[in-house]
Amino acid sequence: MPDTQRDASATPQPIRRQDYRPPAFLVDTVELVFDLDPSATTVRARLALRRNRAHGDLAAPLRLDGEGLELLEIALDGVPLPPNRYRIGPDGALCIPNAPGICTLETRVRIAPDRNTELSGLYTSGGNFYTQCEAEGFRRITFFPDRPDVMARYTVTLIADRARWPVLLSNGNPEGSGAAQGGKHWVRWVDPHPKPSYLFALVAGDLVNVHDTFTTRSGRQVSLNIWVRRGDEPRCGHAMESLKRAMRWDEETFGLEYDLDVFNIAAVSDFNMGAMENKGLNIFNTKYVLASPETATDADWQGIETVVSHEYFHNWTGNRVTCRDWFQLSLKEGLTVFRDQEFSADQGSRAVKRIRDVRGLRAAQFPEDAGPMAHPVRPDSYIEIENFYTPTVYQKGAEVVRLIHTRIGAAAFRKGMDLYIARHDNQAVTIEEFVQAMQDASGEDLSAFMGWYSQAGTPEVTAEDAYDPAARRYTLTLRQRTPPTPGQPEKRPLPIPVAMGLLDPAGQALPTRLAGENEARAGTRMLLLDQAERRFVFEDVPAPPVPSLLRGFSAPVRLGGIPRERLRFLAVHDTDPFVRWDSHQQYATALVLDMVAAHRRGEPLGFDPALAEAVTTTLAGADDDPAFAAEVLALPSEGVIADQMEVADPEAIHLAREHLRREIGRRCADTLRAAYEALTDTGPYRIDGRGIGRRALRNACLGYLAAAGEEGVRLAKAQFDAQANMTDVLAALSLLADTDAPAREEALAAFHARWRGDELVLDKWFAIQAMSSRPDTVAAVRALYRHPDFDLRNPNRARALIGAFASGNPARFHDASGEGYRFLADAVIALDPINGATAARLVSPLGLWRRQAPERAALMRRELERILALPCLSRGTFEKVSKALA
Ligand code: B3K
Ligand code: ZN
């Protein structure tokens, strides 16, 4: 039984935030010596320990976490410890009663990196060694108080065969190297900054580096290196450029400089998530490092910029100032996502970036907030912390930081960041400390904003208004309500900043004056909805206005109930690009929902010509900002539409949305074709905001044309055959994958033949087929699962097939036969003993059964019960499944 599998007899128990207690012992320094061998690595650790008064109980035993470690030697203060002086518990932890207040513990353990399929701790991939320690992987390397509030200084010596593993990396700066016996060599790394164990990293391999330098604004020369397999060097340019821009941006925006002589990034193909911010040695999924125009799409390109900058920004928000405990995860993640969002916004179109971020939040976080795993940005309890690296902690957490930013303004926010870092450098702190620094720097009372960290669920905001022509007075009433979530039946009102403006009937922005104010103000203003209901009275309003609400998505809420004619009006006239886009999306959503209702009544679906008009108007004005136009043309996804329904109807949603696409494609065929041709670039391939925007818009046009019929499909095949760049190839291939055309098989085969040797591109081949809307997709996915190129052990490949199908293809995942559910459960059952963290991530869609009609819900439950009945289940999968069934 793998170490992370629970004992069948013991039900995993939750850990609670309120049970936090400071550690009994602190560690000042750690010296580690690794003798690396794939099947038997030995790890020597020497810990300088000191009793921590803050713990309270000065007689508490010394307890060190451990998991799956084979203890070879143990000595306290230089004296070997007899077995009766220590205990290793059933959880693997080492316990030493009666340890002196100040002592040195030395241990030597043996581990088997090549058998570590969980990819947590030290593992091998392609014959090289890599680590992943966040959140609790360090305990799989050596005995240690593996919790973020124990910060220590590390010295690490790596010993390995020189020929097989010529490159040996760890955190900090290199401080020596030499030859060792038997063809081995050693390298020593010293990290001068105290850090929690989750930031430890090592890499050993036959790797090559792409090198560059960066001079910080105070003149420190930093050596930058990206370590990859031989042959991958030409694909590292974009990651390196992104890194240098992020380093400069953090200096300019937040005054934060890099603090070591080297910054290393190592790329690995087997990785549980995107990347990891280990101090001075970031480890990345190859997906977020390697890119060339032939192999990477524009979305991949943007993903690299996001992840490279995100991990770099952690150096201050996460590493120098870290989390006291894992409940505070959003302290580093929400803040760092906010920082990477701002960085990317500054690189191109701020409005388009905001739209994409909100699209992501609605697609992933809103459903989570309405499902069985709903949790506050700062959770109160967890069974498996790996399950809480969620859209709520990350994306909603970033929205909450943005609320504070919006509330106090950019200048005060910057002062607040300065104060936060000055106060807490080299400390492990809580979210209160962050909010306190913002409050102290701004002088604003932010106590009510803490509610955003403690209350789960997405607030629903509605507006009602009235105009009094005689008094020229306009009254806007805003209300909020948050639906109950598991464990939180009662909800309180939260402070919701509503950025807004008024438009006159001709679509002109009106200056606004609230009752009690002396002067009218032009532009957007902020209303604070901090009660269940608030009325705002505007004076001197010449005619009945149209309110534009939640400009820039000023709070992570659902704004509903806006009448259709107002949505149409705002989509054309509002000054705020976000509201223009969102009004269009909400209008389209309402139409699809109408069609779903008509379909259920057995009536024709119909079509609203206003939508075709909007497409034509958007294309006519698209040249100013093609990326924005592409966002407007992209219909809300099936998942986002389903999220608007109490009880979803995936089949009807798919039917209705396809009908809409087809009708737009038919009615606007000439315009779409003309736009498609005009957007065909003949010049050099450019990856900048405009180039990306033009390709996105062109592919949006192609999508409608392909939905309309054969001519579009021919265009898609021609685009595929042209092989201009991966964005265009993939856009065309995904359209072909939905069809029955002979071109489909031809294109899929050609793609496979060309890219079978490239893991990252082959992932796309799997994902495209998994997301096909064809009715036989479940069977196709089962067949792909048995394909020789499928490898369940590789998380990217598992996500590309299983994840893309279950999360990215609602119509086929929810096939009425229940076959989609059965496939997912089978895959999760097979994967759980190999990699519990990845299995637990993939199982999520099954948990959302409450949003489906009874027959589907019963089929989903049956699969969840089948998983839960297994004798051994990882803690993570157990938590997800048991909460889904609760
Ligand atoms: N901090 C890591 C995520 C760790 C996930 C734990 N298995 C990457 C990031 O958020 O930057
Ligand atoms: Zn992060």
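Anything mentioned here points back to the structure above.
Summary of the structure given here. (Residues numbered from 1 in each chain as written. Chains lettered and ligands numbered in written order. Predicted model: local features only at pLDDT ≥ 70, side-chain atom pairs only at ≥ 80, totals over all residues. Heavy atoms only, no water.)

**Structural notes on the site of ligand 1**
Near ligand 1 there are 13 residues, and of these Glu134, Glu277, Glu311, Glu386 and Tyr394 occur at the shortest range. Within the side chain of Glu134, an N or O atom sits 2.6 Å from a nitrogen atom of ligand 1. Contact distances for ligand 1 include 3.4 Å between a nitrogen atom and a side-chain N or O atom of Lys332. Relative to its unbound accessible area of 330 Å², ligand 1 is 94% covered by the protein chains. Looking at the shell around ligand 1 residue by residue, the classes come out as 5 nonpolar, 2 polar and 6 charged. (Near = heavy atom within 4 Å. Polar contact = N/O pair within 3.5 Å; in protein donor to acceptor, adjacent residues only side chain to side chain. Areas by Shrake-Rupley, 256 points an atom, 1.4 Å probe, with all protein chains shown as cover. Nonpolar A, V, L, I, M, F, W, Y, C, P; charged D, E, K, R; others polar.)

**Here's the deal with helix α11 (residues 609-620)**
Counted at 1.5 Å a residue, the expected span for α11 with its 12 residues is 16 Å, and the 17 Å between its end C-alpha atoms agrees. Buried residues along α11 sit against α9 (564-573), α10 (577-600), α12 (626-633), α14 (650-667), α15 (669-678) and α16 (689-708). Of the residues flanking the start of α11, the one acting as N-cap is Asp608, its side-chain oxygen 2.8 Å from the backbone nitrogen of Ala610. (Helix = DSSP H or I, 4+ residues; strand = E, 2+ residues; numbered from the N terminus. Expected span 1.5 Å × (residues − 1). Contact = heavy atoms within 4.5 Å.)

**Concerning the state of the cysteines**
Applying the stated criterion across every chain, the model contains 0 disulfides. Here Cys133 is not cross-linked by a disulfide; its sulfur's nearest cysteine counterpart is in Cys323, at 16 Å. (Disulfide = S-S within 2.5 Å.)

**A closer look at the coordination of the zinc ion (ligand 2)**
Taken together, His310 (NE2), His314 (NE2) and Glu333 (OE) make up the protein donors of the zinc ion (ligand 2), found 1.9 to 2.1 Å from the metal. For Glu333, a relative accessible area of 1% gives the class buried. (Donors = N, O, S within 2.8 Å, 3.2 Å for Na, K, Ca; no water. Buried < 20%, exposed > 50% of the residue type's maximum accessible area, 1.4 Å probe, protein only.)

**What to know about the environment of Val572**
One can find Val572 in helix α9. For the pair Val572 and Thr618, spaced 46 residues apart in the sequence, the C-alpha separation amounts to 9.4 Å.

**With respect to the environment of Asn173**
Relative to the assigned elements, Asn173 resides in strand β14 (residues 173-180). Apart from the residues lying within four places of it in its own chain, the contact partners of Asn173 are Arg188, Trp189, Val190, Pro192, Leu260, Asp261 and Val262. Of the polar contacts made by the side chain of Asn173, one reaches the backbone nitrogen of Asp261; its length is 3.0 Å.

**Observations regarding the sheet that holds strand β4 (residues 62-64)**
Pairing is antiparallel across the open sheet formed by 3 strands, whose spatial order is β4-β8-β7. Edge positions in the sheet fall to β4 and β7 (87-88), since each of these pairs with one other strand and no more. Across 2 bridges, β7 lies against strand β8 (residues 94-96) in antiparallel orientation. Bridge pairing in β8 links Arg87 to Cys95. (Pairing = 2+ DSSP bridges.)

**Notes on the packing of helix α1 (residues 237-254) against helix α2 (residues 298-313)**
For any two helices packed against each other, one specifies the crossing angle of their axes together with the interaxial distance. α2 packs onto α1 with a crossing angle of 45° between their chain directions and a minimal axis gap of 9 Å. With respect to α2, the element α1 is oriented oblique. For the pair α1 and α2, the sense of crossing is right-handed. In contact with His238, Ala239, Ser242, Leu243, Arg245, Ala246, Met247, Trp249 and Asp250 of α1, α2 contributes Trp301, Ile304, Glu305, Val308, Ser309, Tyr312 and Phe313. Taken together, the residues of the contact of α1 with α2 break down into 10 nonpolar, 3 polar and 3 charged. (Axes fitted to C-alpha atoms, helices over the stretch in contact; angles between N-to-C directions. Parallel < 35°, antiparallel > 145°, perpendicular 65-115°, else oblique. Left-handed = near helix turned anticlockwise from the far one by under 90°.)

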